[in-house]
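The residues making up each chain are set out below.
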Amino acid sequence: GAVVSQHPSWVICKSGTSVKIECRSLDFQATTMFWYRQFPKQSLMLMATSNEGSKATYEQGVEKDKFLINHASLTLSTLTVTSAHPEDSSFYICSASDRSSGRMNEQFFGPGTRLTVL
Amino acid sequence: SQQGEEDPQALSIQEGENATMNCSYKTSINNLQWYRQNSGRGLVHLILIRSNEREKHSGRLRVTLDTSKKSSSLLITASRAADTASYFCATDEAAGNKLTFGGGTRVLVKP
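In this text the structure is predicted, and so the values were computed from the model without any measurement.

**Considering the sheet that holds strand 3 (residues 19–24) of chain B**
Whenever strands of a sheet pair, they do so through backbone hydrogen bonds, lying parallel or antiparallel.
Residues and elements named next belong to chain B.
Step number 1: Read across the open sheet, the five strands follow the order 1-3-8-7-6; overall the sheet is antiparallel. This sheet does not close on itself; its edge strands, each paired only once, are strand 1 (5–7) and strand 6 (55–58). On average, adjacent strands in this sheet sit at an angle of 15° to one another, irrespective of strand direction.
Step number 2: Bridge count for strand 7 (residues 61–66) against strand 8 (residues 71–76) is six bridges, and the pairing is antiparallel. The residue of strand 8 that forms the bridge with Leu 61 is Ile 76.

**As for the layout of surface pockets**
The gaps left among the atoms become clear once a water-sized probe is rolled over them.
Step number 1: Taken as a whole, the largest pocket encloses approximately 550 Å³ of empty space.
Step number 2: Lining the largest pocket we find 26 residues, and of these Lys 41 and Gln 42 of chain A together with Ser 86, Phe 88 and Arg 106 of chain B sit closest to its centre.
Step number 3: Of all elements in the fold, only strand 1, strand 9 (85–93) and strand 11 (105–110) of chain B reach the threshold of two or more residues within the lining of the largest pocket.
Step number 4: The greatest single-element share of the lining of the largest pocket, amounting to four residues, is contributed by strand 11 of chain B.
Step number 5: By residue class, the composition of the lining of the largest pocket is seven nonpolar, 14 polar and five charged.

What counts and how
Residues numbered from 1 in each chain as written. Chains lettered and ligands numbered in written order. Predicted model: local features only at pLDDT ≥ 70, side-chain atom pairs only at ≥ 80, totals over all residues. Heavy atoms only, no water. Pairing = 2+ DSSP bridges. Helix = DSSP H or I, 4+ residues; strand = E, 2+ residues; numbered from the N terminus. Axes fitted to C-alpha atoms, helices over the stretch in contact; angles between N-to-C directions. 1 Å grid on protein atoms, 1.4 Å probe; cavity = no way out; pocket = protein on both sides within 12 Å on 5 of 7 lines; lining within 4 Å. Points joined across faces, edges and corners; volume = space filled by probe spheres on them. Nonpolar A, V, L, I, M, F, W, Y, C, P; charged D, E, K, R; others polar.

Spelled out as structure tokens, the structure:
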């Protein structure tokens, strides 16, 4: 149980285009989802936290208009990188937790999406 | 921002040896978790230790937590080539319920 998927697993796009990444909880209801970014050989940096049905909370320094997050259902959150530029190339990882259950402290991670902006 | 530091940043050992890595953090926590990440892949949850626990075991893994020093250690015993990966600690802060990751330790286990 507690499987999280991401789609696509990798994407290459041209500078200036927008890219949408999906994060799905497959066998549980994700009341909260988190989006992280990881540059090569670095750690994960939390970008934003989203609760189903409400606006995402962005970490300091993360542009909310550039990284649009939608968490419209209990099993799906999307991250849209708008007007992507080469410096947005990174590994994007989502995680999900079910705060209504007894496992509220656990986050379950997706396999990540490698974004390359040319 | 990152909660803490991990050391060493990189570790190279022979198969069969033990690997120890440390994590320090700055704020009060609910729990501390360790994850493994193979190159270019997602994170695999290894073990969670709560703030009121001092030591926890899972298979070949042993985790300690010293809240007075705000530090934790992960010991992998009898390492295998398949243990080659990056290992991250992450703290679940007392106020916020979000994970903050350490810088990670890259472990290379040579056969």
